[in-house]
Each structure stands twice: as C-alpha cells, then as structure tokens.
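Structural overview
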Amino acid sequence: MSPSHYDLVVVGAGSGGFGTALAAARLGASVLLLEKSDSLGGTAARGGVNNWEPGVGGTGIPFDLYKRLKKIPQAIGIYKFGRHYAWQGPEVNPKFPGGEQVIDPTKHYADSLRRFGAPPLAQAESFRRAHWHGVPYEPDAYAAEMEKMLAETGRCTVWKNTAFTTAHAAAGRLRSLTLADGRTVTADFFVDATANILLAQQLGCRTTLGQEPRTLYNEPSAPREPNDRLNGTTLIYRVTRQGKAAPAVDPLPAGIPAACWWDEKFPHAACTQYPNGDFNINALPVMAGRETHDLGFARAYAECQRRIAAHWHHLQSVFPEFQAFRVNWVAPGLGVREGPRLVGRYVLTEHDLIAGVSGQLHANLIAIADHARDTHGADTGRAGTGEVMQPYGIPFRCLLPAEIENLAIACRGASFSSVAASSCRLSRTMMQLGQAAGTAAALAKQQQLDTFAAVPPAALRASLAAQHVELGWPRPPELLAYLRNEDA
C-alpha cells in the first residue's frame, strides 16, 4: 500500500507541477504528484501548446527535458520564422493568415533563449528572424518523458486520474487532502500547480480575477477602472499533409456558418511546424477569456470546436495551400491564458518588467523571463502590449500566500498583476517556478524548517544555480558552455 504521508504533495502535473515534483525528488524529498487527467504536461501537452516560445530563463529542468526529447527521432526541434502577414508587402494578396514557424535543423537550444529587445529594434523583422526561435515538440513524447524523469528519481509517486476534493488546514498550515476516491494524504509541504489555483482558493487565500485598476499598482498599461476581462482562449488543432490525395476544402459540419460569427473577421493564426512536418494551428484567439470562464469548460470547449471548424474552412477556402492538409488532432484541453491569481506576499507588477534585473532590488529572484506584455483579444481593452527592454526576475515571494505557511503556488496563478501575468505565463517559466518551489521544499526538509518563507534566499538561489537555472543577465560563460553541450 502506498504511504499516506510525504515530504511534499504537488497538486497538478502541468509545467509547474512537474518542475516542482522533479526538483524536490532529485534533492531527496519524498513526493506525491496528483493529476486529475490521464496524462502529465497540462496546457503544454493536453492544451495543444506544443511549443516553447523564445525567451530567457529556459535552463534547468526545461533543458534537461529538451536533451532527452532530442534523442527521440522527430520528437523536438527548433523553429525559425517563415512567412508573416505583417512582413508581406502590398503585392501579396491574400497575405499569409498569420505567422509561420518552420523547423530549422541548424539551430540549437541556446538559440531559443532570447526574446527581449529595445524598440523599435525588437519590432523589426530582421531582429525577430535573428533572435526569436521556439521549441516545438510532440506532446505524447513530452508527457511520457516527464513521467520517466519522475520515476527515475525513485522518490516521486504519480497518481493520475486523481483529484482532491477537500483541503484541511489548521493554525495557518495545510494538514491534509481528501481525494475524490476517499483516500487522505498528509505532507509537510504542499504546492498548488492547478490551472485555477483550486487549492489556494479552497483554503481562503486572497485571490483576484480580471484587470486591476491603474491606481492599485500605478501600472502604465493597466486600465483606469477595474474590469473582469481576461486574456483570450484558444482551442488548438493539428493538420497533416495528405500525400497524394487531391487538394480539397473540407466540408463544414452541419449548422456551422462559413463566416466568422464571434468577431469582425477570423483571427490570425500561429502556424508552427512539428518536427514530422505537421502544423500546429493556434488561432489568436478563438474565444474571449471571460467568455471561457463564464461558460465553464464543457460549454466553452463545445463552442470552440465549432469555431475552429469554421476557422479551418476559412483557411482552406482562402489559402489553397491548406487544401493539401487535413485536421488529424484537436487538443483535448483549452489553451487558457489567464485565470484566478494569488495576491501573495509580493505581487509582480509591470514595474518589475520595466525595471528588469538591473533595476530590481529583490534578494530572492528565482527565475527570469523576457516575454512581451502580451494580450490576445481586442476585448481585453488594453491600450497595447510591448516587448521588455531586458530580462526581469520573479521573486520567490510571488509563490507564497500570506495565509498558509507550508503552501506555495507554482503556475500561472501565482502572485502577478494581470499585466505581469500576460508576460510571465509561459511553459518554461512555469517549469522554473516549479523548480524553485520544489527546491525550497527539499531545502526546508534538509534544514528542518517548517515554512517556505523560512528557507534562506541565498541558499535557495545557490541550489538553483547549481541546477543550471538562469538567475541573471547577461548569461555567465559557464552557463553558456553548459548549454552548448546539448547532446550530453
């Protein structure tokens, strides 16, 4: 029989949950990882976001996973930009329906670790072609390797198809979880890596949803008045070339209009090539984030299925090259970009993004990022988005609620403002938040500490650096040398 007590229980096996469990188990902690679905990977696998976008900070556990996948034929690659509607002149009609990213076998993992740039340089086609390289991968291989890496530690138990129902807390500490199958598990530490921070919400931790008013944090990109708008949602689908089959437009299912009914026109799409030549189609977006939240998963997913059928019919009808492809997979999960967020011991805001690591004064930065303030959907109402001038750091306190001392949050629901969350929500960043949370739990066990906040920041950063986690900029020579050895 499996033991009921662990050093650490992690709820949710997406990017953050995986990073948490692996880091803690590697450092000697006994870990239980709970996942309500039938596979690991979360949005990065089941949600169809089968691509790590370019950005700093993707070292540590993400690089370890990349190296394993690289040994599997056609499991992972590095892309470069192909066509993009914004870079095509007036002589091109119709313009490509979004952006095209294609596999470039000459690129290396280190090429994917940069996005930031000062405007107008960062907006230039030449800059983006030179510096923006993402990492597309096969989701099944990705999830399988995650599970193998956890198993190899010998200290991590994974229970899939397992959800928690009730959290039991007393005196500011989470004591146990009751699971849907009636079992009870206890632990010294817990990490909430669920998409909607379900554990933190049930425990009464302070949370927020929507856009804060400008007066709250004095963020330049925040609206003057608070609102309930959320970043847009996508249902991602995959298409494959049909070989010798005659090009054709797939018929629309009954009851679905050919014209876009949810916006003025069909959205642009990121068309990203998989290593085997298929394309991942990510329409930007398919549904407003608030609509997704209000409908609930089942109704939102059903409506998004209708919308992507119309979107694919549009692509094939207007751009004949797509007639040689057929849809062969639709993600079983929605690509949700924003949900509830913790209001924790520190809230990352746009001021951190603007200051960058050279201007931040935090002693406990545990990851860096450089993605843009990135809004999907005109209904979000923001005045605009923008690239950051340099990488910025995420303090460990962003992972810590004030109410529960032995709980950390390692997912997009950590303590970020809505503007900051639009930047630091990506998979590799979440994996590194998890690596920090798991490392902190293991250090607390080793040093006989009973709260996350008691872990010395210097010791946490030193352990992360020893795990090759990028914590500052510019990148030190020893980390560059480590990244060049991607076939090890």
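Since the model is a prediction, treat every value here as computed from it, not as a measurement.

Calculation rules
- Sequence order as written defines the numbering, with residues in each chain counted from 1.
- Confidence filtering applies because this is a predicted model: local features only for residues at pLDDT of at least 70, side-chain atom pairs given and counted only at 80 or more, and all residues used for totals across whole chains, interfaces and linings.
- For side-chain calculations, the full set of non-hydrogen atoms in the structure is used, while hydrogens and water are omitted.
- Secondary structure elements are defined from DSSP: runs of H or I of at least 4 residues count as helices, runs of E of at least 2 residues count as strands, and each element is numbered from the N terminus.
- With a 1.4 Å probe rolled over the protein chains alone, any residue whose accessible area is under 20% of its type maximum counts as buried; one over 50% counts as exposed, and the rest are partly exposed.
- Charged-residue counts in this description rest on Lys and Arg as positive and Asp and Glu as negative, His and the chain ends being excluded.
- Salt bridge, as used here: a side-chain nitrogen of Lys or Arg that lies within 4 Å of a carboxyl oxygen of Asp or Glu.
- We define a polar contact as two N or O atoms separated by no more than 3.5 Å, with the added condition that, inside protein, one atom must be a possible hydrogen donor and the other a possible acceptor, whereas residues neighbouring each other in sequence contribute only through side-chain atom pairs.
- Contact definition: two residues touch when any of their heavy atoms are within 4.5 Å.
- Interaxial angles span 0 to 180 degrees and are taken between N-to-C directions of axes, which are lines fitted to C-alpha atoms, for helices over the stretch in contact.
- With respect to orientation, any angle under 35 degrees is reported as roughly parallel, any angle over 145 as roughly antiparallel, any angle of 65 to 115 as roughly perpendicular, and every other angle as oblique.
- Note on residue categories: nonpolar means Ala, Val, Leu, Ile, Met, Phe, Trp, Tyr, Cys or Pro, charged means Asp, Glu, Lys or Arg, and polar means any other residue, Gly included.
- By convention, a stacked pair of Phe, Tyr or Trp rings (six-membered ring in the case of Trp) has centres within 6.5 Å and planes under 30 degrees apart, an edge-to-face pair has planes over 60 apart, and any other such pair is tilted.
- We call a charge positioned above a ring when the Lys NZ or Arg CZ atom is no farther than 6 Å from the ring centre and deviates by at most 35 degrees from the ring normal.
- Think of a nonpolar core as a cluster: buried Ala, Val, Leu, Ile, Met, Phe, Trp, Tyr and Cys residues, connected wherever their side-chain atoms sit within 4.5 Å.
- Any two strands are treated as partners once DSSP identifies two or more bridges connecting them.

Take Asp352: it is sitting in helix 9 (residues 350-359). Buried and without a salt bridge, Asp352 has Arg397 as its closest oppositely charged side chain, separated by 7.7 Å. Engagement of the side chain of Asp352 in a polar contact is seen with the side chain of His362, the distance being 3.0 Å. Other than its neighbours up to four places away in sequence, Asp352 contacts Tyr346, Val347, Gln360, His362 and Tyr392.

Before going further, it helps to examine the packing of helix 1 (residues 15-26) against helix 2 (residues 61-70). In contact at an axis separation of 11 Å, helix 1 and helix 2 are set at 95 degrees when each is read in the N-to-C sense. Judged by the inter-axis angle, helix 1 sits roughly perpendicular to helix 2. Contacts between helix 1 and helix 2 pair Phe18, Gly19, Leu22, Ala23 and Arg26 from the former with Ile61, Asp64 and Leu65 from the latter. Taken together, the residues of the contact of helix 1 with helix 2 break down into five nonpolar, one polar and two charged.

A word on the pattern of salt bridges. Inspection of the entire model under this criterion finds 28 salt bridges. A salt bridge links Glu145 to Arg68; its shortest N-O distance comes to 2.9 Å. Note that Glu145 is positioned in helix 4 (residues 139-153) and Arg68 in helix 2, a separation of 77 residues in sequence. Overall, the relative accessible area of 7% leaves Glu145 in the buried class. Here Asp250 ties to Arg326 by a salt bridge, and the two come within 3.0 Å at their closest N and O atoms. A residue pair is termed long-range when its members are at least 10 positions apart, and Asp250 in the loop between strand 13 (237-241) and strand 14 (269-273) and Arg326 in strand 16 (residues 325-330) qualify at 76 residues.

Bringing the packing of aromatic side chains into the picture now. In this structure the tally under the stated criterion is 21 aromatic pairs. When the ring of Tyr66 is compared with that of Tyr109, the centres are 4.6 Å apart and the planes differ by 40 degrees; the resulting orientation is tilted. On the criterion of sequence distance, the pair formed by Tyr66 in helix 2 and Tyr109 in the loop between strand 5 (98-103) and helix 3 (125-131) is long-range, its members being 43 residues apart. The pair formed by Tyr66 and Tyr109 is uniform in burial state, with each residue classed as buried. Ring centres 6.0 Å apart and planes at 80 degrees place the aromatic pair Phe279 and Phe325 in the edge-to-face group. Separated by 46 residues along the polypeptide, Phe279 in strand 15 (residues 279-283) and Phe325 in strand 16 bring together distant segments of the chain. Given the relative accessible area of 13%, Phe279 is considered buried. Sitting over the ring of Trp132, Arg115 keeps its end group 4.0 Å from the ring centre. A cation sits over an aromatic face here: Arg183 above Trp159, 3.8 Å from the ring centre.

With that settled, the discussion passes to the nonpolar core. Ranked by size, the top nonpolar core spans 103 residues in total, and within it Val9, Tyr142, Leu177 and Phe416 carry the most contacts. For this core, the element with the highest residue contribution is helix 11 (residues 427-446), accounting for ten residues. Not counting the four nearest positions on each side in its chain, Tyr142 is found in contact with Ser15, Gly41, Ala44, Ala45, Trp52, Leu65, Leu69, Tyr137 and Met431.

With respect to topology, six strands assemble into an open sheet ordered 4-5-14-15-13-16, the strand pairing being mixed. Edge positions in the open sheet fall to strand 4 (79-84) and strand 16, since each of these has one partner strand only. In this sheet, adjacent strand axes meet at a mean angle of 25 degrees when their direction is disregarded. As judged from the three bridges shared by strand 13 and strand 15, these two strands associate in the antiparallel manner. If you follow Val239 over to strand 15, its bridge partner there is Phe279.

Let's shift gears to the environment of Pro391. Examined against the element boundaries, Pro391 turns out to sit in the loop between strand 19 (365-369) and strand 20 (392-395). With relative accessibility at 0%, the residue Pro391 sits in the buried group.

Cis geometry marks the peptide bond from Asn93 to Pro94, where omega comes out at 0 degrees. Here Pro94 shows up in the loop between strand 4 and strand 5. Residue Pro474 is reached from Trp473 by a cis peptide bond, and omega for that bond is 5 degrees. Within the secondary structure layout, Pro474 lies in the loop between helix 12 (457-466) and helix 13 (477-484). Positioned with a positive phi, Asn161 is a non-glycine residue whose angle comes to about 50 degrees. Within the secondary structure, Asn161 sits in the loop between strand 7 (156-159) and strand 8 (164-170). By relative accessible area, Asn161 is classed as exposed at 57%. For Ile197, which is not glycine, the phi dihedral falls at a positive 40 degrees.

These figures capture arrangement, not role.
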